[in-house]
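Residue strings, one per chain:
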Amino acid sequence: MISKIKILRCDFDLIQGELEANSPYEACGVLVGTINGDTAVVEKAIPITNSNRTARSFELEPGEFYNAWNNAGKSGKEIVGVYHTHPRSSAVPSLWDRETMQNDPGVWLIAGSDGVKAYVWDDGVRAVKIVGF
Ligand SMILES: [Zn+2]
């Protein structure tokens, strides 16, 4: 089970920038990298169009998601998680997030109005520690 996520400062900044640029709508994207034991190592955050653009939900545009997934695989990487933003609420999974997380084994990184936090679904929402490189 994943208990830590490593992310580069520049990707962290990119996600913060997406939060601000898309506010009040949610922004979303994927985290590409590798899984190393209990750590998801993010090598790159890739913004994806939110095809359900509201202030309360997101949906990764399927074509862009496929391209990101395909490109990751070609270079021996995988999609280790997704990120999305909560421009008007805290970085805590919403009810919708919780339901969706149950079908997604990756890390959920949420940039909220109170900072960035990460989670996985493990019979419930469990926090994942964010560490720098
Ligand atoms: Zn959310």
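My aim in this report is to walk through the structure given alongside it, one point at a time. (Residues numbered from 1 in each chain as written. Predicted model: local features only at pLDDT ≥ 70, side-chain atom pairs only at ≥ 80, totals over all residues. Heavy atoms only, no water.)

### Overview of the overall build of the chain
Next, step 1: When helices and strands are tallied, the chain shows 3 helices and 7 strands.
Next, step 2: For the chain, the sequential pattern of α-helices and β-strands runs β-α-β-β-α-β-α-β-β-β.
Next, step 3: Radius of gyration (C-alpha) of the chain: 13 Å, near the 14 Å computed for a compact globule of 133 residues.
Next, step 4: For the chain, the C-alpha atoms occupy an extent of roughly 35 × 30 × 30 Å along the three principal directions.
Next, step 5: Residue burial in the chain is summarised as follows: out of 133 residues, 41% are buried.
Next, step 6: Sequence separation of 24 or more characterises 62% of the internal contacts of the chain that already satisfy a separation of 6 or more.
Next, step 7: With an accessible surface of roughly 6,800 Å², the chain has 50% of that area assigned to carbon and sulfur atoms. (Helix = DSSP H or I, 4+ residues; strand = E, 2+ residues; numbered from the N terminus. Rg over C-alpha atoms; globule rule 2.2 N^0.38 Å. Buried < 20%, exposed > 50% of the residue type's maximum accessible area, 1.4 Å probe, protein only. Contact = heavy atoms within 4.5 Å. Areas by Shrake-Rupley, 256 points an atom, 1.4 Å probe, with all protein chains shown as cover.)

### Digging into the coordination of the zinc ion
Expected angles at a metal are 109.5 degrees for tetrahedral coordination by four donors and either 90 or 180 degrees for octahedral coordination by six donors.
Next, step 1: Within the protein, His84 (NE2), His86 (NE2), Asp97 (OD) and Asp97 (OD) serve as the donor atoms for the zinc ion, at 2.0 to 2.7 Å.
Next, step 2: One can describe the site at the zinc ion as irregular: its 4 donor atoms subtend angles covering 54 to 159° at the metal.
Next, step 3: Taken in chain order, the donor set of the zinc ion reads H-x1-H-x10-D. (Donors = N, O, S within 2.8 Å, 3.2 Å for Na, K, Ca; no water. Tetrahedral: all angles 85-135°; square planar, octahedral: opposite > 155°, others 65-115°.)

### Quick word on the pattern of salt bridges
Pairing is possible between side chains of opposite charge, provided their charged atoms come close.
Next, step 1: Under the criterion given, the structure shown has 4 salt bridges.
Next, step 2: Among the salt bridges present, the one from Asp13 reaches Arg9, with a minimum N-O distance of 3.2 Å. You can see Asp13 and its partner Arg9 sitting in helix α1 (residues 9-22), 4 residues apart, about one turn around the helix.
Next, step 3: Residue class for Asp13 comes out partly exposed when judged on its relative accessible area of 39%.
Next, step 4: Ionic pairing is found between Lys117 and Asp114, a salt bridge with its closest N-O pair at 3.6 Å.
Next, step 5: Residue classification places Asp114 among the partly exposed positions, given a relative accessible area of 39%. (Salt bridge = Lys/Arg side-chain N within 4 Å of Asp/Glu carboxyl O.)

### Some words on helix α2 (residues 62-74)
Next, step 1: Taking 1.5 Å as the rise per residue, α2 with 13 residues should run 18 Å; its terminal C-alpha atoms sit 18 Å apart, in good agreement.
Next, step 2: Where α2 begins, the capping side chain belongs to Glu61, and its oxygen is found 3.2 Å from the backbone nitrogen of Gly63.
Next, step 3: Looking one or two residues beyond α2, the residue adopting positive phi is Gly76, at roughly 75°. (Expected span 1.5 Å × (residues − 1). Polar contact = N/O pair within 3.5 Å; in protein donor to acceptor, adjacent residues only side chain to side chain.)

### Some remarks on the sheet that holds strand β2 (residues 28-36)
Next, step 1: Here 7 strands make up a closed barrel; going around it, the order is β1-β3-β2-β4-β5-β6-β7 and the pairing mixed. Between one strand axis and the next, the sheet turns through 35° on average, direction left out of account.
Next, step 2: In the packing of α1 onto the sheet, contacts are made with β2, β3 (39-48), β4 (78-86), β5 (107-112), β6 (115-121) and β7 (125-131), and the angle to β3 comes to roughly 40°. (Pairing = 2+ DSSP bridges. Axes fitted to C-alpha atoms, helices over the stretch in contact; angles between N-to-C directions.)

### A word on the packing of aromatic side chains
Next, step 1: One pass over the structure, following the stated rule, counts 3 aromatic pairs.
Next, step 2: Measuring from centroid to centroid gives 5.8 Å for Tyr66 and Trp69, while their planes differ by 40°, and the two rings are tilted. Placement of the pair is Tyr66 and Trp69 together in helix α2, with a separation of 3 residues, close to one helical turn.
Next, step 3: Grouping aromatic residues by their ring pairs yields a cluster made of Phe58, Trp96 and Trp108. (Phe/Tyr/Trp six-rings, centres within 6.5 Å; stacked < 30°, edge-to-face > 60°.)

### Quick notes on the side chain of Asn22
Next, step 1: As for its placement among the helices and strands, Asn22 is situated in helix α1.
Next, step 2: A polar side-chain atom of Asn22 sits 3.4 Å from a polar atom in the side chain of Arg53.

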